[in-house]
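# Structural overview for review
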Amino acid sequence: TAIGFSGETASFQRLAWPFFVQWIPLDSERLNMDPPALHPNGVEAIGGISIAVTDLDRVRRIYEDRLALGPAEETTSLEFPARGVRYRLGDFFVDLLSPTGPGPLGAHLDAFGDGPFQVVLLAESTEKFRQTVDRNGVHFEGTPDFPGSLLIGDIDRFGLRLVVTSREKGGDSV
């Protein structure tokens, strides 16, 4: 997801390459000045993002040729169902997923087009996370691709699926 500015107006675009935050100072400088606080729900980091794409081969070429990412791991998911590729950037991953049949990924593409589909958050404990946010009326499901993790599948509220998993589970997607 990106926000483009033109004069005094901003436009919201869904792109097949996500952009979270770009800090001007280096992390080593910024984190010494302003260390991150522990969040009460126990989430410590973003583990990865899954991007829904209609043309996996075309978007894969963009990631590999223009963004110089690679090598990619071939992946499949029975939950969505989908085929895809995964790029690892340190502890973070980016999955490109293209549907192979009817399911939540295809429905998401039909509704929103190419762009972010799922974000994986890493928590110190999924149980602590559940207890903290359950008081706010957030409901969870299980997810076959992340055994023992929590899925917040409320796309209407968040615009994408949120999966909360513990660091021990590794935050791996499909």
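Everything below is about the structure printed above this text.
Residues numbered from 1 in each chain as written. Predicted model: local features only at pLDDT ≥ 70, side-chain atom pairs only at ≥ 80, totals over all residues. Heavy atoms only, no water.

## Overview of the overall build of the protein chain
If you tally the helices and strands in the protein chain, you get 5 helices and 9 strands. Put simply, the protein chain runs from its N terminus to its C terminus through helices and strands in the order β-β-α-β-α-β-β-β-α-β-α-β-α-β. At a minimum sequence separation of 6, the contacts of the protein chain that also span at least 24 residues come to 60%. Element-wise, carbon and sulfur atoms account for 54% of the exposed surface of the protein chain, whose accessible area totals about 10,100 Å². (Helix = DSSP H or I, 4+ residues; strand = E, 2+ residues; numbered from the N terminus. Contact = heavy atoms within 4.5 Å. Areas by Shrake-Rupley, 256 points an atom, 1.4 Å probe, with all protein chains shown as cover.)

## Considering the pattern of salt bridges
As enumerated under the stated definition, the model contains 9 salt bridges in all. Through salt bridges with shared partners, a single network forms among Arg60, Glu64 and Glu74. (Salt bridge = Lys/Arg side-chain N within 4 Å of Asp/Glu carboxyl O.)

## Re the pairing of strand E7 (residues 115–123)
Across the 9 residues that make up E7, a large majority, 9, are buried. Here strand E3 (residues 43–52) runs beside E7; their pairing, made up of 8 bridges, is antiparallel. Within E7, the residue paired with alanine 52 across the bridge is glycine 115. Here E7 runs beside strand E9 (residues 161–166); their pairing, made up of 6 bridges, is parallel. Residue pairing for E9: alanine 123 is matched across the bridge by serine 166. (Buried < 20%, exposed > 50% of the residue type's maximum accessible area, 1.4 Å probe, protein only. Pairing = 2+ DSSP bridges.)

## What to know about the packing of aromatic side chains
Each aromatic ring pair is described using two quantities: the centre-to-centre distance and the angle formed by the ring planes. One pass over the full model with this rule turns up 3 aromatic pairs. Here phenylalanine 129 and phenylalanine 140 contribute two aromatic rings whose centre-to-centre distance is 6.0 Å and whose plane-to-plane angle is 70 degrees, an arrangement assigned as edge-to-face. Here the residue phenylalanine 129 occupies a position in helix H4 (residues 126–134), and phenylalanine 140 occupies one in the loop between H4 and strand E8 (150–152), the gap between them amounting to 11 residues. Classification of phenylalanine 129 as buried rests on a relative accessible area of 5%. Residue phenylalanine 140 is classed as buried on the basis of its relative accessible area of 18%. (Phe/Tyr/Trp six-rings, centres within 6.5 Å; stacked < 30°, edge-to-face > 60°.)

## Notes on the side chain of threonine 126
You can see threonine 126 is positioned in helix H4. When near neighbours in sequence (up to four residues on either side) are disregarded, threonine 126 contacts Gly148, Leu150, Val164, Thr165 and Ser166.

## Remarks on the sheet that holds strand E5 (residues 82–89)
Strand order across the open sheet formed by 7 strands is E4-E5-E6-E3-E7-E9-E8, with mixed pairing between neighbours. The open sheet has two free edges, formed respectively by strand E4 (73–77) and E8, since each of these has just one partner strand. Ignoring strand direction, the axes of neighbouring strands in this sheet form an average angle of 25 degrees. Of the strand pairs in this sheet, E5 and strand E6 (residues 92–99) are connected by 8 bridges, and their pairing is antiparallel. Looking at E6, one finds that arginine 86 is bridged to aspartate 95. Each of E3, E5, E6, E7 and E9 touches helix H3 (residues 104–112); the most contacted strand, E6, lies at about 85 degrees to it. (Axes fitted to C-alpha atoms, helices over the stretch in contact; angles between N-to-C directions.)

## Some thoughts on the nonpolar core
With 24 residues, the main nonpolar core has Ile51, Tyr63, Tyr87, Leu96, Phe129 and Phe140 as its most contacted residues. For this core, the secondary structure elements donating two or more residues are E3, helix H2 (56–66), E5, E6, E7, H4, E8 and E9. The contact partners of phenylalanine 129, leaving out residues within four places of it in the chain, are Asn41, Val43, Phe140, Leu150, Ile152 and Val164. Leu97, Leu105, Leu109 and Phe117 belong to the second largest nonpolar core, which has 7 residues in total. (Core = buried A, V, L, I, M, F, W, Y, C linked by side-chain atoms within 4.5 Å.)

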